[in-house]
Amino acid sequence: MTVSVTVNGEQRSAVVEPRKTLADFLRQDCALTGTHLGCEHGVCGACTVLLDGQATRSCLVFAVQATGHEVTTVEGLTGPEGTLTPVQEAFRAEHGLQCGFCTPGFVVSATALLAENPEPTDDEIRDGLSGNLCRCTGYQGIVNAVRRACGRQGGVVAFDTEPVTA
Amino acid sequence: MTAVEDRGGPAPSLAGSAGRWLGQSIPRKEDPRLLAGRGRYIDDVVVPGMLHAAFVRSDVARGRITRLDTEAARALPGVRAVYTAAELNPLVHETWWSMAGKEAVYAPGVCLADGDVRYVGDPVAIVVADSRYLAEDGVDLVELEVEAETPVLDVDAARAEGATLVHPEVGTNIPSAIPAAEVPGLQETFETADTVVSETFVTHRYLPVPMETRGLLAQWDPFTDELDLWIATQSAHEVRGFYARLLGIPESRVRIRTPDVGGGFGQKVFTLRDEWATVLAAKLLGRPVKFIEDRQENLVSSSSARDDRMSMDVAVDGDGKFLAFRAELVENVGAYPYAASASAAALVGMCLPGPYTVPAVQFSNAAVFTNTTGRAPYRGPFLMETVVPEQIVDVVARRIGVDPLELRRRNVIQSSQLPYQLPTGLVYTDVTPAETLDQAAELIDYEAFREEQAAAREQGRHLGIGISLCVEPSAIAFGALSTEGAVLKMESSGTFNLVLGSSSTGMSVETTMRQVAAEYLGCDIDQVTVTQGDTALTPYGAGTQGSRSAVLYGNVTRQVSLEVRDKILRIAGHMLEAAVDDLEVEDGTVSVRGVPGAQVSFGQVAQTAYAGSAMLPPDLQAGVEAVTRFTAPMMTFVNACHICTVEVDTGTGQVRLLRYVVSEDCGQMINPKVVEGQVAGGVVQGIGGVLYESFVYDEVGNPLTGTFVDYLLPTTAEVPDIEYGHVESGASNALNVKGVGEGGAVASPAAVFNAVADALAPLGVELRSTPLGPRQILDALAAAGL
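Nothing here was measured: the structure is a model prediction, and the numbers come from that model.

**Concerning the overall build of chain A**
When helices and strands are counted, chain A shows five helices and six strands. For chain A, the sequential pattern of α-helices and β-strands runs β-β-α-β-β-β-α-α-α-α-β. Oriented by its inertia axes, the alpha-carbon framework of chain A measures out at about 65 × 30 × 25 Å. For chain A, buried positions account for 54% of its 166 residues. A separation threshold of at least 6 residues defines the contact pool for chain A, and within that pool the share at least 24 residues apart is 58%.

So this is what it looks like as structure tokens:
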């Protein structure tokens, strides 16, 4: 079947099997490999993209279902010269990533969260990102990054202890 | 002092203090491309003509293969090959790992199951097709019938006389064991002690679960007989040696390249039988073959971890001082553990005294094969050295009526006692368990929490606090793990390329090693690039694992940077007609001290070194590059104290974490944010392990937790903010660093366990095993009559 999707503002078409997922279409047919597959059963959130502006797991959508719709992947968030968005900058400033595999999904989810609710409370941040799994950071840098991106600095509890030299 | 420093020239002195780059939370070099979706992971690597593999696996834990028909699969358009043991197993030469050695007891080195299956997930056939979709179609068409037999699942049954053997060829179900050594006077100590506490603790099976599953892309060149392998691994050089031996070809004909790797945590150090099959299929077909494991395979069939049981006796005198520890560890290592038995017992036994002044220790162990998924090393594979002592210390505290913080204070090794020799023979020179215990207690305000807890109990709420005090070995350095090499080249422009044998899987090696190099070279961090993860370019090394990057790569980077700096100074001295001792370096410029304007840039030095060699004196070789190798001490001990508080809902069995505090000492922090990131990641893996994650088999060895719907990882909703305190003591290496990759995962399980146990102890509930999910908490309450 032919699919025709607006991906990051560009019209992309391909002939695909009906069973091909949107994630595989993006990765294989559009060469947009920033969308990652961590579980392929809709739990880990690494494949999160914006489908008509809504955060969506692209492993649970068939490519053909996206025909006529608009998809934004992590590659579509950054500026043309590789400028990072405030959310991406905040992830970097707060060490919100280590191996980076889950990161595109988190960046897309956080972007969608802040678009909908620019000033989330801590509980809203934690709830809003609980559909994405990270195994490296213990979520500390991720939650802090979202706090930073909406204008709050770092952790809610900061001890700022100077290292003790033993 | 290294020889380099003795050759003259001002070497920076940094012990115990931050430098221009060292000790600074520099934003990571890795981040912009990873944030923008420009990382390149194994599944992003595409080559022309590439085929895709999928596996037929056993869904029975133990049984005889009675039918294996691949005809229909082979006939499917798009399927290029279906191979079974008959085709692939004869191609396997040797299957031992240099880290474990050739002489260790290994599970049979069979590539695909041959005649019988030995765990659910055992690979039986590989299907290679034009796409992953078609390969999976092919898998569905392979007809496999297995006559099920009673599996060996229980470690005690497996150890019994006449037990069914998991691997008849090996002749035993115990691939490695440590007998209890005779300890003079031990029996008498236990007989005469005021108190003896004996308990058995079980740590259940939970898994590494990197967010990226395993994967590889194998290319065989039939004209040169060379293997070019892209693979998600933590240890490119170990993998290279392994495949050279597997194929029976020289190492020089194997090239391993690691792209960005999406986490490993131990699981990606070694490679598994399905990966061998992928390589052999590429060789037989003469075409590139890619295999990307799916999540169910990763959970069910790749590797297990933990699944330990330890019995421990503690003898205590009337003042609450520990007199002796005695422990027996039984490890369930599954059917095909990674690299020999995958036992961590030798370390557990040696490190059992941990942070305490206990005069006598006895330890014994058995690692046991079962018909389950084999064990891989997982972040702190030796963690039972901390988990069980820390959990039993709280039991002792309750038994003798002393607060657990006070009991630890009475027994903890003090800085004034260093160097301190453990009864197991190890010597601590630079540890600070007493300082981290005090700092963590202060951060959490221990006394105030005890008051809050008492008040909450009045209202029928169950709050608890748990301490875990830990001294653990980082950068374990024996055999193939002892050394790391580095190559540092000054380019003709005056910038630098640092080449390391690492394979970073999220450890920030690119950033931290640039910090070390820039500090010792005396230039801007942006003048240094790091090359790693390609065996054709990098020096031999054991890779990124075992909390060894800071110690091994950090020190070799320091060493090679000082050598290059020395050469730069010699050339600059010649250019400036000044003695090397009169030169100073700052921001990539060499100047003569006290002579304004007498200076040359690194760029000018490089031009002279490469293009102006005629100007150099005869004793100064052209070019600026150095190759060196660092050998680490056998262990670099690192310590931390974790304290957390919880509230347990006795109605639902739910545990909620209230606060989590870590005080750690990893020596000089290269990058504090990276240190805290490593700690946090480990802590949350421990929280997940105790409260949420559990890999479960039914009574016939059938896994029940093969998806993320059943195998529960913690999310942002479950994890509190982690609060940190740092103690920076010295270390027995020139960079003053200790590894911090595993400590978070080693110390956290006992902290969480002890907090839950503390909350429920007034109700008469005794906890001895994990996980502590709602079901287990409600069962424990019921067992206490509640």
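Further notes follow.
**Quick word on the overall build of chain B**
A tally of helices and strands in chain B yields 21 helices and 28 strands. Overall, chain B is about 85 × 75 × 50 Å in size when its C-alpha atoms are taken along their principal axes. The burial tally for chain B puts 59% of its 786 residues in the buried class. The contacts of chain B with a sequence gap of at least 6 include a subset with a gap of at least 24, amounting to 80%.

**So, the pairing of strand 10 (residues 226-231) of chain B**
All names here are of chain B. Of the strand pairs in this sheet, strand 9 (residues 215-221) and strand 10 are connected by six bridges, and their pairing is antiparallel. Pairing of W220 across the sheet is with L227, part of strand 10. Relative to strand 11 (residues 254-257), strand 10 is paired through four bridges, and the arrangement is parallel. Residue pairing across strands places W230 opposite R257, the latter belonging to strand 11.

**Considerations on helix 17 (residues 549-576) of chain B**
Over its 28 residues, helix 17 of chain B extends 38 Å from the first C-alpha to the last, a length consistent with the 40 Å expected when each residue adds 1.5 Å. Of all 28 residues making up helix 17 of chain B, 24 are buried, and the element is well covered by its neighbours.

**Regarding the domain arrangement of chain B**
All names here are of chain B. Segmenting chain B into domains produces domain 1 (3-39 + 483-631), domain 2 (43-149 + 213-261 + 268-302) and domain 3 (306-477 + 634-783). Taken over C-alpha atoms, the centre of domain 1 sits 39 Å from the centre of domain 3. With 22 residues of domain 1 at the interface, the matching set in domain 3 holds 22 residues. Within the residue set of the side of domain 1 that touches domain 3, elements represented by two or more residues are helix 16 (509-521) and helix 17. The element contributing the most residues to the side of domain 1 that touches domain 3 is helix 17, with six residues. Here the residues of the side of domain 1 that touches domain 3 sort into eight nonpolar, twelve polar and two charged.

**So, unusual backbone geometry**
Most peptide bonds take the trans form, and the phi angle of most residues other than glycine is negative. At the junction of B:L418 and B:P419, the peptide bond is cis and its omega measures out at -5° in the coordinates. Its location among the elements puts B:P419 in the loop between helix 13 (404-411) and strand 16 (420-421). Along the chain, B:T770 connects to B:P771 via a cis peptide bond; the corresponding omega equals 5°. Tracing the sequence through the fold places B:P771 in the loop between helix 20 (743-760) and helix 21 (774-783). Even without being glycine, A:N8 reaches a positive phi, approximately 50°. Tracing the backbone shows A:N8 in the loop between strand 1 (2-7) and strand 2 (10-15).

**Digging into the interface of chain B and chain A**
In this complex, chain B contributes 57 residues to the contact, which on the side of chain A involves 55 residues. Broken down by secondary-structure element, the contributors of at least two residues to the side of chain B that touches chain A are helix 2 (31-35), helix 14 (433-444), helix 19 (672-691) and strand 28 (722-728) of chain B. Ranked by residues supplied to the side of chain B that touches chain A, first place goes to helix 19 of chain B with seven residues. Residues belonging to the side of chain B that touches chain A are distributed by class as follows: 23 nonpolar, 19 polar and 15 charged.

**A closer look at the packing of helix 2 (residues 86-93) of chain A against helix 3 (residues 103-116) of chain A**
Residues and elements named next belong to chain A. It is at 10 Å that the axes of helix 2 and helix 3 come closest, and there the two elements cross at 125°. When the axes of helix 2 and helix 3 are compared, the pair comes out oblique. Helix 2 and helix 3 meet at a crossing whose hand is right-handed. Of the residues in helix 3, those in contact with V87, Q88 and F91 of helix 2 are T103, V107, A110, T111 and L114. Looking at the contact of helix 2 with helix 3 residue by residue, the classes come out as five nonpolar, three polar and no charged.

**A look at the environment of B:N702**
Residues and elements named next belong to chain B. With respect to the secondary-structure elements, N702 resides in the loop between helix 19 and strand 28. Sequence separation between N702 and T372 is 330 residues, and the spatial gap between their C-alpha atoms is 8.8 Å. Ignoring any residue separated from it by four or fewer positions in sequence, one finds N702 in contact with A61, V120 and Y697.

**Topic: the sheet that holds strand 5 (residues 70-72) of chain A**
Sheet strands pair via backbone hydrogen bonds, and the direction of the pair is either parallel or antiparallel. Residue and element names in this part refer to chain A. Reading across the sheet, the five strands line up as 2-1-5-3-4 and stay open at both edges, with mixed pairing between neighbours. Strands with a single pairing partner mark the edges of an open sheet, and in this sheet they are strand 2 and strand 4 (54-57). If you compare each strand with its neighbour and ignore which way they point, the axes differ by 40° on average. Of the pairings in the sheet, the one linking strand 3 (residues 48-51) to strand 4 comprises four bridges and is antiparallel in character. Pairing of L51 across the sheet is with Q54, part of strand 4. Along the sheet face, helix 3 touches strand 3 and strand 4 and points at about 40° away from the line of strand 3.

**Structural notes on the nonpolar core**
Residues and elements named next belong to chain B. V127, V128, L229, A281, L498, I643 and V756 are the most contacted members of the largest nonpolar core, which totals 297 residues. Here this core takes 13 residues from helix 17, the largest share from any one element. Contacts of I643, omitting those with residues within four sequence positions, involve A440, A441, I444, I465, G466, I467, V661 and A751.

**With respect to the environment of B:K489**
Residue and element names in this part refer to chain B. Along the polypeptide, K489 turns up in strand 19 (residues 483-490). With 18 C-beta atoms packed within 10 Å, K489 lands in the partly exposed category. In this structure, the C-alpha to C-alpha distance between K489 and V564, residues 75 residues apart in sequence, is 8.0 Å. Those residues within four positions of K489 in sequence are excluded, and the remaining contacts are F496, N497 and E625.

**Details of the domain arrangement of chain A**
Residues and elements named next belong to chain A. The domain boundaries assigned to chain A delineate domain 1 (2-76) and domain 2 (86-149). In this structure, domain 1 and domain 2 have C-alpha centres spaced 21 Å apart. Opposite the 14 residues of domain 1 that make contact, domain 2 presents eleven residues. Looking at the side of domain 1 that touches domain 2, the elements with two or more residues in it are strand 3 and strand 4. With three residues, the top contributor of residues to the side of domain 1 that touches domain 2 is strand 3. Residues that form the side of domain 1 that touches domain 2 fall into these classes: seven nonpolar, seven polar and no charged.

**Side note on helix 13 of chain B**
All names here are of chain B. Those residues of helix 13 that sit buried are P404, L407, R408 and N411. Down the axis of helix 13, the sector holding all buried residues measures 100°, keeping them to one side. Elements in contact with the buried residues of helix 13: strand 14 (322-334), helix 12 (384-400), helix 14 and strand 18 (462-474).

**Notes on the packing of helix 19 of chain B against helix 20 of chain B**
In helix packing, the relevant descriptors are the interaxial angle and the interaxial distance, both defined with respect to the helix axes. Residues and elements named next belong to chain B. In the contact formed by helix 19 and helix 20, the axes pass within 7 Å of each other and the chain directions differ by 40°. With respect to helix 20, the axis of helix 19 lies oblique. Two packed elements cross with a definite hand, and for helix 19 against helix 20 that hand is right-handed. Packed against helix 19, whose contacting residues are Q678, V679, A680, G681, G682, V683, Q685, G686, I687, G689, V690 and L691, the element helix 20 presents G743, G744, A745, S748, P749, V752 and F753 at the interface.

Cut-off values and rules
Residues numbered from 1 in each chain as written. Chains lettered and ligands numbered in written order. Predicted model: local features only at pLDDT ≥ 70, side-chain atom pairs only at ≥ 80, totals over all residues. Helix = DSSP H or I, 4+ residues; strand = E, 2+ residues; numbered from the N terminus. Buried ≥ 20, exposed ≤ 12 C-beta atoms within 10 Å, placed from the backbone. Contact = placed C-beta atoms within 7 Å. Pairing = 2+ DSSP bridges. Expected span 1.5 Å × (residues − 1). Domains from an automatic or database assignment. Nonpolar A, V, L, I, M, F, W, Y, C, P; charged D, E, K, R; others polar. Axes fitted to C-alpha atoms, helices over the stretch in contact; angles between N-to-C directions. Parallel < 35°, antiparallel > 145°, perpendicular 65-115°, else oblique. Left-handed = near helix turned anticlockwise from the far one by under 90°. Core = buried A, V, L, I, M, F, W, Y, C linked by C-beta atoms within 7 Å. Arc of directions from axis to C-beta.

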